[in-house]
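Reading the structure
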Amino acid sequence: MFIRLAEQHRQFVRELVMNLKALAIVLERRGYLASCYTCGSQMNSASFMVSLGDNHLIRFLVSDYGITWTEMRDDRELMKLEGAEAIAQLQELANLVKYQIAPSEYRPAAVQKA
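Below is a short write-up of the structure. (Residues numbered from 1 in each chain as written. Predicted model: local features only at pLDDT ≥ 70, side-chain atom pairs only at ≥ 80, totals over all residues. Heavy atoms only, no water.)

This brings us to the environment of Tyr32. You can see Tyr32 is positioned in the loop between α1 (2–29) and β1 (33–38). Here Tyr32 falls in the buried class, since its relative accessible area comes to 4%. (Helix = DSSP H or I, 4+ residues; strand = E, 2+ residues; numbered from the N terminus. Buried < 20%, exposed > 50% of the residue type's maximum accessible area, 1.4 Å probe, protein only.)

This is the structure:
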């Protein structure tokens, strides 16, 4: 059972990395400064970053060891989320593409509440 769960987790990470790479490409085409770097061809980790302007940066890290969303403004950490919460916040960012929101209009839900 544990071997099967480990393989499912590895597959989940690979799929997430592929989606991050695609999101970075689409965000760049929409005018955002975005990048997604992976190490090697295994697709078992990635570092995704996007600039939302005005020194506002999102960093999303994924690996076999965990998933982290970090949001910074003026080099200060505003928010750090892990696991399912980080993925939910990533969906908010993906909505930029889906609803064609301009970079200057983006306000993450977590920051709006603060």
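Counting through the fold element by element, Arg76 comes out in strand β5 (residues 76–82). Here Arg76 falls in the exposed class, since its relative accessible area comes to 62%. Expressed as a C-alpha distance, the spacing of Arg76 and Leu57, which sit 19 residues apart in the sequence, is 9.8 Å.

Scanning the entire structure with this criterion turns up 2 salt bridges. A salt bridge links Glu7 to Arg14, with the nearest nitrogen and oxygen atoms 3.0 Å apart. Taking relative accessible area as the criterion, Arg14 reaches 25% and is therefore assigned partly exposed. What emerges from the salt-bridge pattern is a single network uniting Glu7, Arg10 and Arg14. (Salt bridge = Lys/Arg side-chain N within 4 Å of Asp/Glu carboxyl O.)

Keep in mind that these numbers describe shape and distance, not what the molecule does.
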